[in-house]
Amino acid sequence: MQDYTPLKKGPELMAPEERSQKHAVHYAWVDANREQVNAKAREWYQRNKERRKAAAKIFRDKNAERVLAEATERRHSLTSTQRERYAMKMRNWRSDISNWGRFRANVLKQTAKTRGLPFDPELKTILQEMIQQSRLCRCCGKTLQFGIARGHQNKDSASVDKVVPSLGYVRNNVQIVCTECNRRKSDSTLAQQRQLLAYTEKYNPEQGAYARG
Ligand SMILES: [Zn+2]
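These numbers were taken from a predicted model, which means no experiment stands behind them.

Caption draft 1: Seen up close, the overall build of the chain. Each helix and strand in the chain was counted, giving 10 helices and 2 strands. When the helices and strands of the chain are read in sequence order from the N terminus, they spell out α-α-α-α-α-α-α-β-β-α-α-α. Looking at the chain as a whole, 8% of its 213 residues are labelled buried. Across the chain, contacts joining residues at least 24 apart in sequence account for 48% of those joining residues at least 6 apart.

Following this line, the structure appears as structure tokens:
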């Protein structure tokens, strides 16, 4: 690292020209030592991760309206290049299967909130454990597809089913199924599913049940 004397007084105590001069020196130094600075920042973050996260959460909760307004403002002021770059970053992030649990949990947290359903804050971990066990639909057994954006899912996309809908997104009440099975299930009541099953079993010629019935 090059020699560097840190700023002795806060920028607010300096005359504007002194301030900009000191800042120019400071940022020139930062630029010249980018790697070390980043490494040090990363190391600090790892040491203070939990504390930092807790503080950020307190700030977000306290300033919920401001945080939301600023995020909206930032989104609206993006140039088309920035927008595209951001979309690409998100696509890459989503297509990494190790982010799937977090991605789905983020979306479902909002769903649960809107519908007033129970939501386990550990859902991302629960989902990640489940896809480590198997990447097949728990209902029909087909191979699931992961990492597709909301609104673009096809019938093979992985989705999270609430086995008993009113119990919400909690451990032991969530299963990973394909979008096709999930839709079919949510379109019918348990009574209708029983009716269909009874009907299929009764009249399915392969089982010979028709002859018996
Ligand atoms: Zn399925």
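Caption draft 2: Seen up close, the confidence of the model for the chain. Per-residue confidence for the chain gives a mean pLDDT of 87; residues scoring 70 or more make up 90%. Within the chain, the element-level pLDDT minimum falls on helix H10 (residues 209–212), averaging 48, and the maximum on helix H7 (residues 123–133), averaging 95.

Caption draft 3: Structural context of the environment of tryptophan 93. Checked against the element boundaries, tryptophan 93 lands in helix H5 (residues 80–95). Considering only alpha carbons, one finds tryptophan 93 and phenylalanine 103, 10 residues apart in sequence, at a separation of 9.1 Å.

Caption draft 4: Just helix H3 (residues 49–62), in detail. Taking 1.5 Å of rise per residue, the 14 residues of H3 would be expected to cover 20 Å, and the 20 Å separating its terminal C-alpha atoms lies within 8% of that figure. Burial of H3 is sparse: only 0 of the 14 residues sit out of reach of the surface.

Caption draft 5: A look at unusual backbone geometry. Phi at asparagine 172 takes a positive value of approximately 75 degrees, unusual for a residue other than glycine. Structurally, the position occupied by asparagine 172 is in the loop between strand S1 (158–162) and strand S2 (174–178).

Caption draft 6: Highlighting the nonpolar core. If you look at the biggest cluster of nonpolar residues, it comprises 14 residues, and the most contacted ones within it are Leu108, Leu123, Leu127 and Val160. Looking at this core, the elements with two or more residues in it are helix H6 (100–115), H7, S1 and S2. Leaving out residues up to four positions away in the same chain, leucine 123 has contacts with Ala105, Leu108 and Tyr169.

Caption draft 7: Just the pairing of S2, in detail. Among the 5 residues of S2, 4 are classified as buried, and the element is accordingly described as predominantly covered. Looking at chain direction, S1 and S2 are connected through 5 bridges and run antiparallel. Opposite serine 159, over in S2, you have valine 177 as the bridge partner.

Caption draft 8: Fine view of helix H2 (residues 34–47). Here H2 spans 20 Å end to end across 14 residues, near enough to the 20 Å set by a 1.5 Å rise per residue. Little of H2 sits out of view: just 0 of its 14 residues are buried.

Caption draft 9: Representation of the packing of H6 against H7 in the model. The contact between H6 and H7 brings their axes to 8 Å, and the two run at 135 degrees. The angle between the axes of H6 and H7 places the two elements in the oblique class. Crossing of H6 over H7 shows right-handed handedness. From H6, Trp100, Gly101, Arg102, Arg104, Ala105 and Leu108 reach across to H7, where they touch Leu123, Lys124, Thr125, Leu127, Gln128 and Ile131.

Caption draft 10: Looking closely at the environment of serine 159. Mapped onto the fold, serine 159 is located in strand S1. Judged by C-beta crowding, with 19 C-beta atoms within 10 Å, serine 159 ranks as partly exposed. In sequence terms serine 159 and cysteine 178 are 19 residues apart; their C-alpha atoms lie 5.6 Å from each other. Apart from the residues lying within four places of it in its own chain, the contact partners of serine 159 are Val177, Cys178, Thr179 and Asn182.

About the criteria used
Residues numbered from 1 in each chain as written. Predicted model: local features only at pLDDT ≥ 70, side-chain atom pairs only at ≥ 80, totals over all residues. Helix = DSSP H or I, 4+ residues; strand = E, 2+ residues; numbered from the N terminus. Buried ≥ 20, exposed ≤ 12 C-beta atoms within 10 Å, placed from the backbone. Contact = placed C-beta atoms within 7 Å. pLDDT = per-residue confidence, 0-100. Expected span 1.5 Å × (residues − 1). Core = buried A, V, L, I, M, F, W, Y, C linked by C-beta atoms within 7 Å. Pairing = 2+ DSSP bridges. Axes fitted to C-alpha atoms, helices over the stretch in contact; angles between N-to-C directions. Parallel < 35°, antiparallel > 145°, perpendicular 65-115°, else oblique. Left-handed = near helix turned anticlockwise from the far one by under 90°.

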